[in-house]
Amino acid sequence: MNWGSWSAFWDMGGRGLFVWGSYGALLIMVITELAALRHTRKAALRALQEDHDS
Amino acid sequence: MTLKQKRLALILGGLAVIAVAVALVLSAFNQNLVFFFSPSQIVAKEAPVGRAFRLGGMVEEGSVKRDGIDVQFRVTDTAQVVPVRYSGILPDLFREGKGVVAQGTLGPDGVFQAKEVLAKHDENYMPPEAATAVEKAHQARDMAAHTLKP
Amino acid sequence: MARSEQQSNERYGGRWFWRYASPSAFFAPAGRIETLCWVLAAVLAAIGLYLGFFVAPTDAQQGEAYRVIFIHVPAAWMAMVIYLAMAFWSLLGLWLGTRLSFMMSHALAPTGALMAVLSLWTGALWGRPTWGTYWVWDARLTSTLILFFLYVGYMALAAAFDDRRKGDRAAALIALVGAINVPIIYFSVKWWNTLHQGSSVRPGSSSMATIMLAAMLIMTFAFWAYSIAAAMHRLRTIIIEREGNAAWLRASVLGGKR
Amino acid sequence: MSLRRATAAVFRRELQLFARRKSDWANPLMFALIVCALFPFAVGSESERLRLIGIGVIFVAALLAAMLSLPRLFDEDARDGTLELLLMSPEPLAALLLARVAAISLVLGVALALLAPLFALFYALPMTVAGVLALTVAMAVPTLLLIGSIAAALLVSARGGAILTAVLVLPLTIPTLIFGAGAALRVLQGESAASELALEGAILLLALALCPPAAAAALRISTD
Amino acid sequence: MSVRLTVDALAAERGMRAVFSDVSFAAVGGTLMRVTGANGAGKTTLLRILAGLGAAAAGCVEWSLDGSPLPSTSASIFVGHSNACHEALTVSENLAYAAALGGADATPGRIEHALAAFGVRPLARRRFGTLSQGQRKRASLARLLVAGPEDARAWLLDEPFVALDIDTQSQLAALIEARLGAGGLVVYTSHQTVPIRCAHAVEVAL
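The model shown is predicted, which means the values in this text are computed figures rather than measured ones. Note that residues are indexed from 1 along each chain, following the sequence as it is written. As they are written, the chains are lettered A onward and the ligands numbered 1 onward, keeping that order. Confidence filtering applies because this is a predicted model: local features only for residues at pLDDT of at least 70, side-chain atom pairs given and counted only at 80 or more, and all residues used for totals across whole chains, interfaces and linings. Note that water and hydrogens are dropped before the side-chain values are worked out from all heavy atoms of the structure.

### As for the pairing of strand β6 (residues 76-79) of chain E
Looking along a regular strand, one sees side chains alternate from face to face of the sheet. Residues and elements named next belong to chain E. Our working rule: Under the scheme applied here, a residue whose accessible area is under 20% of the maximum for its type counts as buried, over 50% as exposed, and between as partly exposed, the area being computed with a 1.4 Å probe on protein chains only. Segments assigned H or I by DSSP are reported as helices when at least four residues long, segments assigned E as strands when at least two residues long, and all are numbered from the N terminus. Strand pairing is assigned whenever DSSP detects at least two bridges linking the two strands.
The side-chain alternation of β6 yields two buried faces, one formed by Ser-76 and Phe-78 and the other by Ile-77 and Val-79. Of the pairings in the sheet, the one linking β6 to strand β7 (residues 154-158) comprises four bridges and is parallel in character. Its bridge partner lying in β7, Phe-78 is registered against Leu-156.

### Considerations on the pairing of strand β1 (residues 53-59) of chain B
Residue and element names in this part refer to chain B. For β1, the tally of buried residues reaches seven of seven residues, placing the bulk of the element in the interior. Inspection of the sheet shows β1 paired to strand β5 (residues 99-106) by six bridges, in the antiparallel sense. Within the sheet, the bridge partner assigned to Gly-56 lies in β5 and is Val-101. Pairing analysis gives two bridges linking β1 to strand β3 (residues 70-76), with the strands arranged antiparallel. By the bridge assignment, Val-59 is partnered in β3 with Val-75.

### A look at the packing of aromatic side chains
A ring pair, where both rings are aromatic, is described by two values, the distance of the centres and the angle of the planes. How we decide: Stacked, tilted and edge-to-face are the three classes applied to pairs of Phe, Tyr and Trp rings, where Trp contributes its six-membered ring and a pair requires centres within 6.5 Å; stacked means planes under 30 degrees apart, edge-to-face means over 60, and tilted covers the rest.
Scanning all chains against the criterion turns up ten aromatic pairs over all chains. On the numbers, 6.3 Å between centres and 45 degrees between planes, the contact of Phe-148 of chain C with Phe-149 of chain C is tilted. Between the aromatic rings of Phe-119 of chain D and Phe-122 of chain D, the centroid separation amounts to 6.4 Å while the plane-to-plane angle is 45 degrees, which identifies the pairing as tilted. Taken together, the positions of Phe-119 of chain D and Phe-122 of chain D, both in helix α6 (residues 93-122) and three residues apart, correspond to about one turn of that helix. A residue is classified by how much of its surface remains accessible, and Phe-122 of chain D, at 38% relative accessible area, is partly exposed.

### Some thoughts on helix α10 (residues 194-223) of chain D
Residues and elements named next belong to chain D. Which entries qualify depends on this criterion: One less than the number of residues in a helix, times 1.5 Å, gives the span that helix is expected to have. At every residue, the bend is computed as the angle between two fitted axes, covering the seven residues ending there and the seven beginning there respectively.
Look at α10: 42 Å from first C-alpha to last across 30 residues, which is about the 44 Å you get at 1.5 Å a residue. Of all the bends found along α10, the most pronounced is centred on Cys-211 and spans about 35 degrees, while Pro-212, a proline, follows it within four residues. For α10, the buried fraction is high: 22 of the 30 residues fall into the buried class.

### Brief notes about the confidence of the model for chain D
Residue and element names in this part refer to chain D. This is how it is decided: For every residue, the predictor reports its confidence as pLDDT, a number between 0 and 100.
Per-residue confidence for chain D gives a mean pLDDT of 90, with 100% of residues at or over 70. Helix α7 (residues 127-154) holds the highest mean pLDDT among the elements of chain D, 94, whereas helix α8 (residues 161-169) holds the lowest, 87. Predicted complex, confidence summary: ipTM 0.78, pTM 0.83.

### Here we look at the environment of Val-19 of chain A
The cut-off we apply is this: In this description, contact between two residues means that some pair of their heavy atoms is separated by no more than 4.5 Å.
Looking at the element boundaries, Val-19 of chain A is found in helix α2 (residues 16-53). Of the residues examined, Val-19 of chain A reaches a relative accessible area of 0% and is grouped as buried. Residues contacting Val-19 of chain A, with those up to four places away along its chain left out, are Met-12 of chain A together with Phe-53, Glu-64, Ala-65 and Val-68 of chain C.

### Description of the environment of Ala-45 of chain C
All names here are of chain C. Its place among the elements puts Ala-45 in helix α2 (residues 23-55). Along the sequence, Ala-45 and Arg-165 sit 120 residues apart, while their C-alpha atoms lie 38 Å from each other. Aside from chain neighbours lying at most four places away, what touches Ala-45 is Met-219 and Ala-222.

### Section: the interface of chain C and chain A
Going by this rule: Two parts placed together each lose some accessible area under a 1.4 Å probe, and adding up what both lose gives the buried area. Definition used for salt bridges: Asp or Glu carboxyl oxygen within 4 Å of a side-chain nitrogen of Lys or Arg. Classification convention: Asp, Glu, Lys, Arg as charged; Ala, Val, Leu, Ile, Met, Phe, Trp, Tyr, Cys, Pro as nonpolar; all other residues, Gly among them, as polar.
Between chain C and chain A, the contact holds 42 residues from the first and 30 residues from the second. Carbon and sulfur atoms make up 68% of the area that chain C and chain A hide from each other, which totals about 3,200 Å². Inspection of the region where chain C meets chain A yields one salt bridge. The closest approach of N and O atoms between Arg-234 of chain C and Glu-33 of chain A, which form a salt bridge, is 2.7 Å. Among the secondary structure elements, those contributing two or more residues to the side of chain C that touches chain A are α2, α3 (69-96), α4 (99-130), α7 (210-242) and α8 (247-254) of chain C. Counting residues per element, the side of chain C that touches chain A draws most heavily on α4 of chain C, which supplies ten residues. Among the residues forming the side of chain C that touches chain A, the class breakdown is 26 nonpolar, six polar and ten charged.

### A closer look at the sheet that holds strand β2 (residues 17-28) of chain E
Residues and elements named next belong to chain E. What counts is decided by this rule: Only the stretch in contact is used when a helix axis is fitted, and all axes are lines through C-alpha atoms; the angle between N-to-C directions ranges over 0 to 180 degrees.
If you walk across this open sheet you meet the four strands as β2-β1-β4-β5, and the pairing is antiparallel. Each of the sheet's edge strands pairs with one partner strand only, and the pair in question is β2 and β5 (68-70). Pairwise comparison of adjacent strand axes, ignoring direction, gives a mean angle of 30 degrees for this sheet. Examined bridge by bridge, strand β4 (residues 58-65) and β5 share three bridges and lie antiparallel to one another. Its bridge partner lying in β5, Leu-65 is registered against Ser-68. Packed onto the sheet, helix α1 (residues 43-51) meets β1 (3-14), β2 and β4 and runs at close to 125 degrees relative to β1.

### Here we look at the packing of helix α3 (residues 47-68) of chain D against α6 of chain D
All names here are of chain D. Using the following cut-off: For this classification, under 35 degrees means roughly parallel, over 145 means roughly antiparallel, 65 to 115 means roughly perpendicular, and everything else is oblique. Crossings are classed by handedness, with left-handed meaning an anticlockwise turn of the near helix from the far one by less than a right angle and right-handed meaning a clockwise turn.
The interhelical angle for the contact between α3 and α6, taken along N-to-C directions, is 155 degrees, at an axis separation of 10 Å. The angle between α3 and α6 falls in the class roughly antiparallel. In this structure, α3 crosses over α6, and the sense of that crossing is right-handed. Counting all contacts with α3, which are made through Leu-50, Ile-58, Ala-62, Ala-65 and Ala-66, the residues of α6 involved are Leu-108, Leu-112, Ala-116, Phe-119, Ala-120 and Phe-122. Of the residues in the contact of α3 with α6, the class split is eleven nonpolar, no polar and no charged.

### Thoughts on empty space enclosed by the protein
For clarity, the cut-off: Residues are said to line a cavity or pocket when one of their atoms sits within 4 Å of a point; the points come from a 1 Å grid over protein atoms alone, cavities being sets where a 1.4 Å probe fits but cannot get out and pockets being open sets with protein on both sides within 12 Å along at least five of seven lines. Grid points are joined across faces, edges and corners, and a volume is the space filled by probe spheres set on the points.
Counting across every chain of the model gives five cavities of 30 Å³ or more. In this structure, the largest cavity occupies an estimated 190 Å³ of space. Around the largest cavity sit 19 residues that line it, and Leu-85 of chain D together with Ile-77, Ala-98, Arg-143 and Arg-153 of chain E are the ones nearest its centre. Every element with two or more residues in the lining of the largest cavity is listed here: α5 (82-88) of chain D together with β6, α3 (91-101) and α6 (143-146) of chain E. Looking at which element gives the most residues to the lining of the largest cavity, the answer is α3 of chain E, with four residues. For the lining of the largest cavity, the residue count by class is twelve nonpolar, four polar and three charged.

### A few points about unusual backbone geometry
Residue and element names in this part refer to chain E. With a phi angle near 55 degrees, Asp-22 is a residue other than glycine that sits in the positive phi range. Following the sequence through the fold, Asp-22 ends up in strand β2. Look at Glu-159: it is not a glycine, yet its phi comes out positive at around 50 degrees. Within the fold, Glu-159 resides in the loop between β7 and α7 (166-181). Glu-159 sits in the buried class, given a relative accessible area of 8%.

### Re the packing of α6 of chain D against α10 of chain D
All names here are of chain D. Closest axis-to-axis distance for the α6/α10 pair is 8 Å, and the angle between their directions is 110 degrees. Regarding the angle of α6 to α10, the classification is roughly perpendicular. With respect to the hand of their crossing, α6 and α10 are arranged in right-handed fashion. Seen from α6, the contacting residues are Leu-93, Ala-94, Leu-97 and Leu-98; seen from α10, they are Leu-208, Pro-212, Pro-213, Ala-215, Ala-216, Leu-219 and Arg-220. When its residues are assigned to classes, the contact of α6 with α10 shows ten nonpolar, no polar and one charged.

### Digging into the pattern of salt bridges
Residue and element names in this part refer to chain E. Tallied over the entire structure, the rule returns 24 salt bridges over all chains. With a shortest N-O distance of 3.2 Å, Arg-138 and Asp-165 are connected by a salt bridge. Of this pair, Arg-138 sits in helix α5 (residues 133-141) while Asp-165 sits in the loop between β7 and α7, and the two are 27 residues apart along the sequence. We classify Asp-165 as partly exposed; its relative accessible area is 37%. The salt bridge partner of Arg-197 is Glu-177, with a shortest N-O separation of 3.4 Å. Residue Arg-197 is located in the loop between β8 (186-189) and β9 (200-205), and its partner Glu-177 is located in helix α7; the two are separated by 20 residues in the primary sequence. Judged by relative accessible area, which is 65%, Arg-197 ranks as exposed.

What follows is the structure, encoded as C-alpha cells:
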C-alpha cells in the first residue's frame, strides 16, 4: 500500500492537481459521452415509435 | 489511345512523379540536419554565435549551483563541457546526470545563456549525437573497470 | 467506381464476412459485443486503477505525477488506433459499397475525437510538472492536435450533407486523405521540432518497471473495451435511425414494448 | 491526342476567365496585402520584431489568399451546368482537374510569388530572403490548391462550404507551411535552405500525383 | 455506326428514398425514346444515370457501339436544364470548350454551322451573359451539333422543348428527325407534345 492516509492519496506527493485534473477530465468526458449515447439512442427510438404510431 | 491506355499512362506518370518526390526527400535527409548542438560541436565552434539554437546533453554531476532563481550548471556529452546560465524555475526532472535541452544563445564568453530549459525523464531523450557519445563513453568505462578488476 | 451493395453482395455472396456485413445481421451481435465490452471495460479499469494507484510504486524521478501515464498513454494510442480503424472502414465502404462500413466509421469518430482531446489534456497536465511546460510544439503533441482536427473535419463533413449516402462517401474519402497525410504531417513536424521522449514501452528493458507497465497495459485494454462498447452502442443507434422502415428492426426494438 | 486537346481547352478557359474577370485574381492579392499590412499594427513596428514574424505572416497570408479562391474551382461550374461537361468527358477526369488547378496555380502562384518580395520589404527582410520566399510561395500555392481541390470537390453541394473547406484543408497544409517558411528562415539565419526546398518540392510533387485522382473521386461522390 | 443501349433492372434513390425501381428496356440507333412520368417520377434521374452522371442504386446500364462496349461518358451527350455555358465567355468559346471536352475538334466552321442550324449564327462572338433566355437556350443546344455528323453519341435531352418558341421547337424537332434518320439514338423527356416523325418510337413510363 502506497498511501498512509486519504489526504496523502489526494495530495499525490504535491501533484494532486495534475493527477486528479487528468483523471477528473477522463471521468467528465466518459460521463458526457455516455449521456450523449443515451440521449441519441432515446431520440432515435422516439422517432421510430412516432413513425410507427402515425 | 483508348481510355485504358490513357489511364495507364497517367498512372505511370503519377508513379514517376512520386519517385522524383521520394528522391528529393532522400536527398534532403542526406544533407546535414541539425536539431541540436552538442557540447563537442559548440567547443569546435560549429554552433552559431549570437543566434538562438538548442543545446542538448546531460547535466554534469555536481555542476549545479543555485543562487535564488539564478542557476548555473554545465552540460556535457562526456567529451566536452559547456557552461550554462539560466534564471527561472527548473522543471522537476532537471537532475544532475540526466538529459537536458536548453534553448538560448551562446555568449562571446563561451557561456550558454538559456532562455528555456526542458528536462526529460528518459535517457532516450537526448540528441542522437550526444546519446551515442554517452554510450561509447560508458562502454569504455565499463571495459576499463572489467580489465582492472582481476 | 464504387459498387452498390447489391452488386457486391452478388459478387462476394459466398464469403464468410458477408453474412455480418448487413445492418440487420449485425444488429444483434453488436448488442452482445457491446454488453461484453462494457463489463470488460469496467472490470479492467477497476483492476488497472487499483494496480496503478495502490500497487505500483512511486516513480524514482517523477514522484506521483507519473500516475497520469495510466490514462495518457492509452488515450493517445486509442486516438491513433481509432483513426486507423475509421480509415479502414471508410476504405472498405468506398471499395465494397457496404452501408455497414460507413456506419462503423461514423460510430467510431466521436470516441476517437474524445480520445484525442483526453490525451492532449492529460498530456498538458503531465507535462507541466515534468517538462516544465503545459504545451510544447513537439511532433507527437502537434500531430495529436492535428488528428483531433481531422476527426472534427470528418464529423463536420459527414453532417454537412442532407443526402446521407453522399455524406457517407464524402466523409470516407476525407478519412482516407487524412490517413495518407498523418504520417507526412508527423514526419514534417518531427523534422521541425523534436522534444518528446522516445517510447518507453519495451518489455524487458529497464525504462519501465513491470508493475507500472502491467497497470498501463491493463488500462489500455480497458480503453479498447470502452471504445468498442461505445462504438457498438452508437452503431446500433445509427442503424435504428437509418433503417427505421425495416420490419425486422421494428420487431426487435419496438416489439417488446407494445 | 484528344486528351491533350481536352486538357488544353480546360487550361485555356481558366486563363480566359482570369483575363475577363480581374477580380478573380485581384481580390486574393488584395486580401494577402491587407493581412500583411495588419500585423505590424498588432505587434508593433520595430523592424527587429517585424523581421521575426515576417516570414510566417507572409506565408500564412499567401496560403489563406489561395484558399479563398478554392470555391472558384467548382461552385460556379455547378451552378451554370458546365461541371456536367467536365464530368461527362470521356477523358480521365483527374487529368482535366489537374489542368484546371494548374491554370489557377499559374496565375495565383505567380502573382503571390511576385508580391512576396514586396511584403518582405514591409517586414524589413533582406532581399535574399525575399527571393526564397517568392520561390517557396510559388511552390506552396499549387500544393494548397491541389489539396484544396479535394475539399472543394466534396463540398460542391454541401452546406457551409467555405468554412468547412478551411477546416478540412488547413491542417493538411501544415507540412508545406513548415518547409516553405522554414526555407526562408534558414536563409534569414544565413544557412543553406537546400533540404527544406527539396522537401517542399517533394510535397508539391506528391500532391501533384495523388490529389487529382482523389479530387476526381470526390467530385463524382458529391455530384452523384 | 450502331449504338445500342441496354438497361436492366435499374433502380435509383435520392436521399435514401427509392425514386424508381426495376426499369428495363433496350434501344438501338434510329430509335426515338421518350421518357414519361409525373413530376418526381425520376425522369431526370434516369437520364443522368444513362449519361453516367449519377450512380444507380441497383441494376446496370450498358452502352455499346458496333458490338463493343462503351463507357457511359463516351456514349452520349447530355443536355439538361442548365445551359452549360459560362456567362463571361463568348458563345463560340463555350461551344469549343464543350466540344474539346467531348473529344471532338470544333473548327470555327463547325461551330458556325451548328449555330446556324438554330438560327443564332450572328451571336457567335457575343458573351453568353449578354444573351436573352431564348437565345441562350438555342446557343446551348447548338452543342449537340458541334461535334459533327460522324459523332456517334446518343443524345440525352432533358426537357429540351421548355422555354423554346414554336419556331425553335420545330427546328429542334427537325434536327432530331435528321439525327434519327442518320442512325442516331435520341432519348428525351418532355411534358409538351411536339410532333417528331420517326420510324421507331418507344415510350418508357416511369
